[in-house]
Amino acid sequence: MSTQLLIGGRFYSSSSPDATAMAVTDGTVVWLGAEQPGRALHPDAEIIDLDGAFVAPAFVDPHVHVTALGLKLTGLDLSVARSLEHCLELLRAFAASHPDGAILGDGWDETGWPEGRPPTVEEIDAVVQPGRQVYLSRVDAHSAVVSSVLLTAAVTAAAGFTRGAPLRADAHHLVRAAVLSGLDRAQRDRARKAALDTAAAHGVVAVHECGGPEIAGRTDIRELLDFEHGVEVRAYWGEAVRTADEARALVAELGVHALGGDLFVDGSIGSHSARLRAPYADDAGTGLGYLDADTIATHVRACTEAGIQAGFHVIGDAAMDAVVAGFGQVVDELGGPAVASRAHRVEHAEMIDADQIAKLAAWGVIASVQPGFDATWGGPDGMYATRLSSERAATLNPFAAMAAAGIALAIGSDAPVTALDPWSAVRAAVNHRTPGHGLSPRAAFAAATRGAWRAGGIRDGVAGTLVPGAPASYTIWDAADLVVAAAADTVQRWSTDPRSRVPGLPPLDPDASLPTCLRTVHRGVTIHEA
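Numbers given for residues are sequential positions, taken from 1 along each chain in its written order. Local features in a predicted model are, by the rule used here, given only for residues with pLDDT of at least 70; side-chain atom pairs are given and counted only at 80 or more, and totals for whole chains, interfaces and linings are based on all residues. The side-chain figures draw on all heavy atoms in the structure; neither hydrogens nor water molecules are used.

- If you look the chain up in an unreviewed UniProt entry, it shows as Amidohydrolase family protein from Nocardia vinacea.

Here it is in structure tokens:
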């Protein structure tokens, strides 16, 4: 056996909040306490002096698109575009410096541009070589603009094609599949490495890949599961099944862990494709619905009977109506305990009301949420207010109500939609734009660590914590003074006194500097070191 003794640190541990040392043996935390007894108990241990650094359980991101994130990191990142003109300038420069192959861009958001609209096909064609494939995905990944060569007869005949507008639904899926199929394995692996390296550098030791036939396809999910990296990957596949046998066969065929993630019930608010009860404030439509309640029920029933976790992408209130109705059918047939035992999930769950919250909580459904959405698009002047009205926008992402009702939360990013930066996500959950919707720092941090492990089926009671017997999956941070705080919109209670027996966290107020990752360790193995 080999033991490491970490000394001179500050540890986020519920069992030993005043610990200054931690012992790890063969990838497992075996002891926490003061340095002197630690040295006496482990005289032959390798000593690691932390020099006052903060050690906390490593993060897990429960909703990521690994290859897409890597392609954004290694390709054309349009999230920095300040205007339509700037977007086209970035495209022109990228095309000039990368003269061969298709151009994949990601992250544009016209709602913050003075022109208020995305590029047209003609504008894209004008800044690249004739006949070159250009695919530019909107920030939410539910629509895209492309060059004319990609507008085949099949695309223009598909649902979601409207001349002069971004591609949505089937038209978008056809184009995305065509462009991704043109990449070679080396390009895809470079992207995966970039994405997972970024995860490790942000203190993330595991990610939940949310793939599907309409996202990156079977080849991508198989290659990702074969890709070797220190960051652990749990794979979700978004394809509906009809029977338990079909569910088991699909899991076996692809090697995935669950049948959920981005199994689309609807689209996104930004692309006007989230399914709503009432029309959008800036559009006459009510969005797109991809699955009805009966199809949802069939999938949940099949997965429950097969012992497989299920889940759905659901954002709009009408889409959530369908999800709750579908789950309700299965609860009526199989019973609440049978459904709850599978820890099924909903992804995003942005427009959810009190009745729906109560039902999902009673049925043990986990919510995988992305506070970065609220930070990016919430508030009275944000995209949500434009699309929905400020009154409806203020009801989105009610994290506090969900947690209070007993819904287990897991905090993630949906990267590349928002950055894979868990401290930013935790801070966004604490500093929600709607008063009363935010979480306490401790609750938000728990949702990004042990809550995210639980969302991935790990229910051992110690994963995502630093207590004896827990896997040694932790991150060492350069962090400011630690504080103990209530939720941002309640009475504040600050303390740095270890006698409070409550472990402190770095300050998470909006103007505070977030911690810097020094080292990330997963089950005792260092996977990132600054």
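From this point, the narrative continues.
Structural notes on the sheet that holds strand E17 (residues 409-411)
- One open sheet holds the four strands; their spatial order is E14-E15-E16-E17, and the pairing between them is parallel. Since the sheet does not close on itself, it has two edges, and those belong to strand E14 (311-314) and E17, each with one partner. Across the sheet, the axes of successive neighbouring strands diverge by a mean angle of 20 degrees, strand direction being ignored.
- Here a strand pair is declared whenever DSSP counts at least two bridges between the two strands. Counting from the N terminus, the helices are DSSP H or I runs at least four residues long and the strands are E runs at least two residues long. With three bridges connecting them, strand E15 (residues 345-348) and strand E16 (residues 366-369) associate as parallel partners. Every axis corresponds to a line fitted to the C-alpha atoms, with the helix fit spanning only the stretch in contact, and the corresponding angles, defined between N-to-C directions, vary from 0 to 180 degrees.

A look at the sheet that holds strand E12 (residues 204-211)
- Pairing is parallel in the open sheet, where three strands are placed in the order E7-E12-E13. Strand pairing shows two members of the sheet lacking a second neighbour, strand E7 (59-64) and strand E13 (232-237), which therefore form its edges. Averaged over all adjacent pairs, the angle separating strand axes in this sheet is 15 degrees, with direction ignored.
- Two elements, E7 and E12, share four bridges in a ladder whose sense is parallel.

Re the side chain of Arg-132
- Considering the arrangement of structural elements, one finds Arg-132 in the loop between helix H4 (121-127) and strand E10 (134-138).
- Partly exposed residues are those whose accessible area sits between 20% and 50% of the maximum for their type, while under 20% is buried and over 50% is exposed, using a 1.4 Å probe and protein chains only. Residues counted as positive are Lys and Arg, residues counted as negative are Asp and Glu, and His and the chain ends are not counted. When a carboxyl oxygen of Asp or Glu is within 4 Å of a side-chain nitrogen of Lys or Arg, the pair counts as a salt bridge. No salt bridge is formed by the buried Arg-132; its nearest oppositely charged neighbour, Asp-100, is found at 6.4 Å.
- Note on contacts: a residue pair qualifies if any of its non-hydrogen atoms lie within 4.5 Å across the two residues. Those residues in contact with Arg-132 that sit more than four places away from it in its chain are Ala-95, His-98, Pro-99, Asp-100, Gly-101, Ile-103, Ser-147 and Val-149.

Brief notes about the pairing of E10
- The element E10 is largely enclosed, with a buried count of five among its five residues.
- Side chains Val-134, Leu-136 and Arg-138 of E10 all project onto a buried face; the interleaved residues Tyr-135 and Ser-137 project onto the opposite face, where all are buried too.
- Note that strand E9 (residues 103-108) and E10 share five bridges and pair parallel. Residue pairing in the sheet places Trp-108 in a bridge with Arg-138 of E10.
- Seen with the strands pointing away from the viewer, any crossover whose path from the first strand over the helix to the second strand runs clockwise is right-handed. Viewed along the sheet, the connection from E9 through H4 into E10 turns out right-handed.
- The pairing of E10 with strand E11 (residues 144-146) spans three bridges and is classified as antiparallel. Directly across from Ser-137, in E11, lies its bridge partner Ala-144.
- Between E10 and E11, which pair antiparallel one after the other, the connecting turn spans five residues, and Ala-141 there sits at a positive phi close to 65 degrees.

As for helix H11 (residues 317-334)
- Each helix should span, by expectation, one fewer than its residue count multiplied by 1.5 Å. Over its 18 residues, H11 extends 26 Å from the first C-alpha to the last, a length consistent with the 26 Å expected when each residue adds 1.5 Å.
- Contacts from the buried residues of H11 go to helix H10 (293-306), E14, helix H12 (336-340), E15 and helix H13 (354-362).
- Gly-335 lies just past H11 and shows a positive phi near 95 degrees.

Things to note about the packing of H10 against H11
- Taken N-terminus to C-terminus, the directions of H10 and H11 make an angle of 45 degrees; their axes are 8 Å apart at the nearest point. Here H10 lies oblique to H11, going by the angle between them. Read as a crossing pair, H10 and H11 show a hand that is right-handed. The residues of H11 that touch H10, namely those facing Ala-293, Asp-294, Ile-296, Ala-297, Val-300, Arg-301, Thr-304 and Glu-305, are Ala-322, Val-323, Ala-325, Gly-326, Phe-327, Gln-329, Val-330, Glu-333 and Leu-334.
- Ten residue types, Ala, Val, Leu, Ile, Met, Phe, Trp, Tyr, Cys and Pro, are classed as nonpolar, four, Asp, Glu, Lys and Arg, as charged, and the remainder, Gly among them, as polar. A breakdown of the residues in the contact of H10 with H11 according to their chemical character gives ten nonpolar, three polar and four charged. Roughly parallel here means an angle under 35 degrees, roughly antiparallel means over 145, roughly perpendicular means 65 to 115, and every remaining angle is called oblique. With the far helix as reference, a near helix turned anticlockwise by less than a right angle produces a left-handed crossing, and one turned clockwise produces a right-handed crossing.

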